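# Architecture and fold: a report
Here's the letter readout for the chains.
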Amino acid sequence: MQFETVIHDGTVVTPSETFKADIGINGGVIAAVAERIAGGERRIDAGGRLVMPGGIEGHCHIAQESSSGVMAADDYYSGSVSAAFGGNSTFIPFAAQHRGQSIADVIATYDGRAAPNSVLDYSYHLIISDPSPAVLEELPGVFARGITSFKVFMTYDLMNIGDAGMLDILTIAKTHGALTMVHAENNEMVKWMNRRFAAAGLTEPKYHALSRPELAEEEAIHRAVSLAKLVDAALFIVHVSTRGGAEIVRREKLAGTKLFAETCPQYLALTRDDLDRPGMEGAKYICSPPLRDHATQEGLWQHIRAGTFESVSSDHAPYRADATGKFMNGADAPYPKIANGMPGIAMRLPYLFSEGVAKGRITLGDFVRLSSTNAARVFGLDRKGAIVPGFDADIAIWNPDEKRTVTLEAQHDNMDYSPFEGMEITGWPELVMNHGRTVVEKGELKAGRGDGRFIARKPVDTGAMPGHRAVEFEVAARYGKEIAP
Ligand code: URP
Ligand code: ZN
Ligand code: ZN
Ligand code: ZN
């Protein structure tokens, strides 16, 4: 059998196994995995390298206006390029409804932003901020297009849809096999704290973290899970930032609740001390839920190891530290008027590899699950997330030994800062492939604007017990020994 591309001599990593193998690719698809594959019109030497499924970024804000009208600094070009340099083959940004907008209009808007620009395969999660009867009627058409997940908010006045709104969405999602993602923070607690701090004149960035206490997340996670259980719908808790929140997720999963969850590198890498940097530097570290403390970091790592989280996602929310982003309300705006979010789409996987695999906190199999396989399964990307014959050739070749210090230039996004700048990272992606196309190779972009495809996703599979141990691939048995040309 002749192959267009053969990746040879690499160490292939699956969620359950790590072994030397060659990979043959034809027509954008993995055609064979075997101990030795001869030939190949293109032969890629992966000696001494790890060959893993390309990352799937399941949480990022690209070409999205925030509810207060600030446009993210990254469009589908810079966002996808930055994702690719960070080891991702596919990403799923949000298509965000603003109140009063029809869903048809939202999807058309994001198609116009993504299709001409993305270098990577993409899909969207639909953010619903206005679940009016007319909007709810549109949702079946959204599933039919392969957009099988929504995000709703329990916080932010312009986004929060209330408990009854959530029950409506969860009920429709259940009917269609869609997954509801939730940003869980108690809006009233946060607003009450904001009023108290404002009255006392406490408006510097560091008060942002104090205004959104751990209890606000824990209460909202508990409530969101209760709402989902009331109507027996699947739920995905995004950006869990607290030990208490993670404990609820773990307990509920063990009890059989159809629950999924993620955390993000910023909650592992940074603390609320970063909000107290001199001057307005702390504004760069304002995100919601906020950064916590060192004990939380340790707790979240324990939960990552224990399988509480399906994935570690970036929550890339790029607002520059200037008047287009963080400081749209002035250079010394009070914290409630500073844009929420930080960039990190290119650092998610290098950070997780370096702090996780290289430091012995997680295994290579865990890394593959947390970076790719689970996101594919949970979000219905049925031909992605594993190196298995018949799947898309979405592959990242990593040098596990390369050490580099993080710089802003290496992010390839449109940002003017990186919260990860200066960190020492061991293990970097060298070649990233999407559907058989080389997107990044040895620090160079090889793909073009608009080369990525919209991927229609499948309904969420809640047939297996949730929890990442349920997502295993018995792959070795399906591999051949030797494939001659
Ligand atoms: O602060 C954040 N995370 N901004 C992005 C929007 C969101 O809540 O995910
Ligand atoms: Zn959120
Ligand atoms: Zn500290
Ligand atoms: Zn987000």
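None of the values given here were measured: they were computed from a predicted structure.

### Considerations on the coordination of the zinc ion (ligand 3)
Within the protein, the zinc ion (ligand 3) binds to Asp273 (OD) and His294 (NE2); these donor distances fall in the range 2.2 to 2.4 Å. On the criterion of sequence distance, the pair formed by Asp273 in the loop between α9 (265-269) and α10 (294-306) and His294 in helix α10 is long-range, its members being 21 residues apart. Its relative accessible area of 53% is what places His294 among the exposed residues.

### A look at the nonpolar core
A general feature of soluble globular proteins is that nonpolar side chains tend to end up buried together. The biggest cluster of nonpolar side chains holds 125 residues, and the ones touching the most others in it are Met52, Leu126, Leu139, Phe150, Leu235, Ile237 and Phe367. A total of seven residues in this core trace back to one element, the largest contributor, which is helix α12 (residues 364-378). With residues near it in sequence (within four places) discarded, Leu235 still touches Leu170, Leu179, Thr180, Val182, Ala224, Val225, Ala228, Lys258, Leu259 and Phe260. Formed by 17 residues, the second largest nonpolar core is a distinct cluster that contains Phe19, Ile25, Ile387 and Leu431.

### Some remarks on unusual backbone geometry
Cis geometry marks the peptide bond from Ser288 to Pro289; its omega dihedral reads -5 degrees. Here Lys442, not a glycine, exhibits a phi torsion of approximately 45 degrees, which is positive.

### With respect to the domain arrangement of the protein chain
When its domains are assigned, the protein chain resolves into domain 1 (5-52 + 387-445) and domain 2 (55-370). If you look at the interface, domain 1 gives 39 residues, while domain 2 gives 46 residues. Surface buried jointly by domain 1 and domain 2 totals about 3,400 Å² across both partners, of which 68% is contributed by carbon and sulfur atoms. Broken down residue by residue, the surface that domain 1 buries against domain 2 is led by Asn414, Tyr417 and Phe420, which jointly contribute 19%. The tally of links from domain 1 across to domain 2 stands at zero salt bridges. Counting across the interface, domain 1 meets domain 2 through 14 residue pairs in polar contact (both at pLDDT 80 or more). Listing elements by their share of the side of domain 1 that touches domain 2, those giving two or more residues are β5 (50-53), β15 (395-405), β16 (424-434), β17 (437-441) and β18 (444-445). Partitioned by chemical class, the residues of the side of domain 1 that touches domain 2 number 22 nonpolar, ten polar and seven charged.

### Observations concerning the packing of aromatic side chains
Evaluated as defined, the whole model comprises 14 aromatic pairs. Geometrically, the ring pair formed by Phe143 and Phe150 is tilted, given 5.6 Å between the ring centres and 45 degrees between the ring planes. Accessibility classification places Phe143 together with Phe150 in one group, the buried group. Taking 5.6 Å as the distance between ring centres and 40 degrees as the angle between the ring planes, the aromatic pair formed by Phe153 and Tyr156 counts as tilted. Relative accessible area serves as the criterion here: at 23%, Tyr156 is assigned to the partly exposed category.

### Some points on the packing of helix α11 (residues 348-358) against α12
Across the interface, α11 lies against α12 with an axial gap of 10 Å and an inter-helix angle of 155 degrees. On the basis of their axis angle, the class for α11 and α12 is roughly antiparallel. Classified by chirality, the crossing of α12 by α11 is right-handed. Each of Arg348, Leu349, Leu352, Phe353 and Val357 in α11 lies in contact with α12, whose residues at this interface are Leu364, Phe367, Leu370 and Ser371. In terms of residue class, the contact of α11 with α12 is built from seven nonpolar, one polar and one charged.

### Considering the site of ligand 1
As a structural note, the neighbourhood of ligand 1 is formed by 13 residues, with His61, Lys151, His183, Ser288 and Asp315 the closest of them. Between ligand 1 and Tyr156 there is a distance of 3.3 Å, counted from an oxygen atom to a side-chain nitrogen or oxygen. Between an oxygen atom of ligand 1 and a main-chain N or O atom of Ser288, the distance comes to 2.8 Å. Calculation on ligand 1 without its partners gives an accessible area of 270 Å², and the protein chains cover 94% of this total. Split into classes, the residues belonging to the shell around ligand 1 amount to four nonpolar, seven polar and two charged.

### A look at the UniProt feature "modified residue: N6-carboxylysine" (unreviewed entry) in the protein chain
Mapped onto this structure's residue numbering, the UniProt feature "modified residue: N6-carboxylysine" (unreviewed entry) falls at Lys151. If you trace the backbone, Lys151 turns up in strand β10 (residues 149-153). A residue is classified by how much of its surface remains accessible, and Lys151, at 1% relative accessible area, is buried. Excluding residues within four positions of it along the chain, Lys151 makes contact with His59, His61, Phe94, Leu126, Ile127, Ile128, Met181, His183, Val238 and His239.

### Concerning the environment of Gly55
By the element assignment, Gly55 lies in strand β6 (residues 55-60). Here Gly55 falls in the buried class, since its relative accessible area comes to 1%. Separated by 329 residues in the primary sequence, Gly55 and Lys384 have C-alpha atoms spaced 9.7 Å apart. Apart from residues no more than four positions distant in its own chain, Gly55 is found in contact with Gly87, Asn88, Ser89, Thr90, Arg348, Leu349, Ser371 and Ser372.

Thresholds applied
- Per-chain numbering applies: the sequence of each chain, read as written, is numbered from 1 onward.
- Whichever chain is written first becomes A and whichever ligand is written first becomes 1, with later ones labelled in order.
- In view of the model being predicted, local features appear only for residues whose pLDDT reaches at least 70, and side-chain atom pairs are presented and counted only at 80 or more, with totals across whole chains, interfaces and linings using the full set of residues.
- Heavy atoms from the whole structure form the basis of all side-chain values; hydrogens and water molecules are not counted.
- Only N, O and S atoms count as donors, using a 2.8 Å cut-off from the metal and 3.2 Å for Na, K and Ca, and because water is excluded some sites may appear unfinished.
- In DSSP terms, a helix is any run of H or I states spanning at least four residues, a strand is any run of E spanning at least two, and both are numbered starting from the N terminus.
- For every residue, the accessible area (1.4 Å probe, protein chains only) is compared with the maximum for its type, and the residue is labelled buried under 20%, exposed over 50%, or partly exposed between those bounds.
- Side-chain atoms within 4.5 Å are what join buried Ala, Val, Leu, Ile, Met, Phe, Trp, Tyr and Cys residues into a set we call a nonpolar core.
- Any two residues whose heavy atoms approach within 4.5 Å at even a single point are treated as in contact.
- The split into domains, and so the bounds of each, comes from an automatic or database assignment of domains.
- Here's the idea: put two parts together, see how much 1.4 Å probe accessible area each one loses, and the total over both is what we call buried area.
- Throughout this description, the term salt bridge denotes a Lys or Arg side-chain nitrogen within 4 Å of a carboxyl oxygen of Asp or Glu.
- Here a polar contact is taken to be a pair of N or O atoms separated by no more than 3.5 Å, where protein atoms must pair a possible hydrogen donor with a possible acceptor and residues adjacent in sequence count only if both atoms sit in side chains.
- Here the nonpolar group is Ala, Val, Leu, Ile, Met, Phe, Trp, Tyr, Cys and Pro; Asp, Glu, Lys and Arg are the charged ones; every other residue, Gly included, is treated as polar.
- For Phe, Tyr and Trp, rings pair up if their centres lie within 6.5 Å, where Trp contributes its six-membered ring, and each pair is then called stacked (planes under 30 degrees apart), edge-to-face (over 60) or tilted (otherwise).
- For helices, the axis comes from a line fit to the C-alpha atoms of the stretch in contact; other axes are also lines fit to C-alpha atoms, and the angle between any two N-to-C directions lies between 0 and 180 degrees.
- Roughly parallel refers to an angle under 35 degrees, roughly antiparallel to one over 145, roughly perpendicular to one between 65 and 115, and oblique to any angle outside these ranges.
- When the near helix sits turned anticlockwise from the far one by under a right angle, the crossing is termed left-handed; a clockwise turn instead gives a right-handed crossing.
- Nearness is judged by heavy atoms alone; a residue qualifies as near a molecule or strand once a single heavy atom is within 4 Å of it.
- In these tables, accessible area is a Shrake-Rupley quantity obtained with a 1.4 Å probe, and a residue counts as shielded only by the protein chains included in the view.
- UniProt positions are given in the numbering used here, feature names are shortened, and annotations may be inferred rather than shown by experiment.

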